[in-house]
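Residue-level listing of the chains:
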Amino acid sequence: MRSSCRSAALAAVSALVSFFALTPSAHADWTFYRTGPHTGACWVKVNAYGGVYQVSNVLLNGTGASHTATVQNFRPGVGLQSSQTYTAAPGEWKGGDIVHVAIVPGDEFRYYLNGTLVAGIPAGGIPFYMQHCKVVESPSVKVRQAISYGLAALDAVYTGACAGSYRFGAAPTYGMWHYGSSCGSGQGNYYQPAGVRGFDCSGLVYKMFQHAGVYFPWQSSSAMKSGIPQISKAYIQVGDLLVKNGHVAVYLGDGDGDGVPSVLEATPEWTNPDGSKTGVIISDAFKYLNDSAYTAHRVPGI
């Protein structure tokens, strides 16, 4: 039974990667490490040999030069278990072979872009948002680019609405506090460590669509609610916004087919040892879809 389940899972993920190498998949979550070009991966956990993460990886090359990706499974104390290199030509979207990262030995997935390590993650340390393909991929290039920027910002700290340029992803050269009372927002006080990017909810959304080259003059949730055309929640699609006065989240769809759609948002989710709040996360969309205070909006030009 284990062998047949594992074979079926391998076949399914192999088909996904083969298909994605030719054309963007309709259902795929790619956690992006960087942009320009996009480097990404998606983990699926299977219960074989004590637990294995099957890692699909991809290089989406929207630049004018060729780029080379190398993906590896590294086992501490042993060395490389597998290594594969592939190159994407200018404008090419290319998927790599599946990397099998065992949970029990503490194997590490490594992704190199042009020889530089951009991700090194032990199987036991793979965060929830990287598992089980949470994001439905949009047919819109601009939406994909916007979401890619947002996914690359995952785990950035929350700054609140009173952080000036620092709520748009800027990283300070020294640790600083942003005081919610300073601009009458009614928010708390948020610490941003030196060298760490930060966002508030609307700052993240603004930068996402700005990165995608979309005309996006709205810099607050209230401006987005009043200025961006509203749609029925019944017709919501990936890249649409769920907004109320005071918060905004980007709808990601149900990429893993578990019946629970997701959103990408910046919100003070949990406290880190240094006092900062991890802010950019993927979370359950139902809390916004089922709340009448939130309305759905589709950004023009996507």
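Our subject is the structure that appears above.
First things first, this report covers the structure right here in the doc. Remember, it's a predicted structure, so these values are computed and weren't measured experimentally.

1. Points about the state of the cysteines
On inspection of all chains with the given rule, the structure shows 1 disulfide. Through a disulfide, cysteine 162 is tied to cysteine 183; the S-S separation comes to 1.9 Å. One quick way to see it: the torsion about the S-S bond of cysteine 162 and cysteine 183 is about -65°, and its sign makes the bridge left-handed. Placement of cysteine 162 in the loop between strand 10 (157-158) and strand 11 (176-179) and of cysteine 183 in the loop between strand 11 and strand 12 (189-192) is noted, with a sequence separation of 21 residues between them. With a relative accessible area of 43%, cysteine 183 lands in the partly exposed category.

2. Observations concerning helix 3 (residues 201-211)
For an α-helix, the turn length of 3.6 residues means that residues three or four places apart are oriented alike. The buried count for helix 3 comes to 8 of 11 residues, which makes it a mostly enclosed element. The complete set of buried residues in helix 3 reads Cys201, Ser202, Gly203, Leu204, Val205, Tyr206, Met208 and Phe209. Looking one or two places after helix 3, you find glycine 213, whose phi comes out positive at around 80°.

3. Some details on the sheet that holds strand 8 (residues 108-113)
Ordered in space as 5-4-8-9, the 4 strands form an open sheet in which the pairing is antiparallel. This sheet does not close on itself; its edge strands, each paired only once, are strand 5 (79-88) and strand 9 (116-122). For this sheet the average axis-to-axis angle between neighbouring strands, irrespective of direction, equals 15°.

4. Here's the deal with the pairing of strand 15 (residues 241-244)
Note that strand 15 and strand 16 (residues 247-253) share 4 bridges and pair antiparallel. Across the sheet, leucine 242 pairs through a bridge with alanine 249, a residue of strand 16. Here strand 15 folds back onto strand 16, and the loop between the two strands holds 2 residues, one of which, glycine 246, carries a positive phi near 120°. Inspection of the sheet shows strand 15 paired to strand 19 (residues 295-297) by 3 bridges, in the antiparallel sense. The residue bridging valine 243 from the neighbouring strand is threonine 295, located in strand 19.

5. Things to note about the environment of valine 141
For valine 141, the location among the structural elements is in helix 2 (residues 141-152). Judged by its relative accessible area of 44%, valine 141 is partly exposed. Placed 161 residues apart in sequence, valine 141 and isoleucine 302 show a C-alpha to C-alpha distance of 8.1 Å.

6. A closer look at the side chain of histidine 178
As for its placement among the helices and strands, histidine 178 is situated in strand 11. A polar side-chain atom of histidine 178 sits 2.8 Å from a polar atom in the side chain of glutamine 192. Among all residues touching histidine 178, those that are not within four sequence positions of it are Thr159, Cys162, Ala163, Tyr166, Gly188, Asn189, Tyr190 and Gln192.

Criteria and thresholds
- Each chain carries its own residue numbering, running from 1 in the written order of its sequence.
- Given that this is a predicted model, residues contribute local features only at a pLDDT of at least 70 and side-chain atom pairs are listed and counted only at 80 or more, while totals for whole chains, interfaces and linings are drawn from all residues.
- In computing side-chain properties, one takes all heavy atoms of the structure into account and sets aside hydrogens as well as water.
- Our working definition of a disulfide is a cysteine sulfur pair at a distance within 2.5 Å.
- Only DSSP runs of H or I with at least four residues qualify as helices, and only runs of E with at least two residues qualify as strands; both kinds are numbered from the N terminus onward.
- Buried residues are those whose accessible area, probed at 1.4 Å on protein chains only, stays under 20% of the maximum for their type, while exposed residues exceed 50% and partly exposed ones sit between those limits.
- Strands qualify as paired when DSSP identifies two bridges or more between them.
- Every axis in this analysis is a line fitted to C-alpha atoms, fitted for helices over the stretch in contact. Angles between the N-to-C directions lie between 0 and 180 degrees.
- We call two N or O atoms a polar contact when they sit within 3.5 Å, provided that within protein one can donate a hydrogen and the other can accept it, with sequence-adjacent residues counted only if both atoms are side-chain atoms.
- When checking whether two residues touch, look at their non-hydrogen atoms; a contact exists if any pair is within 4.5 Å.

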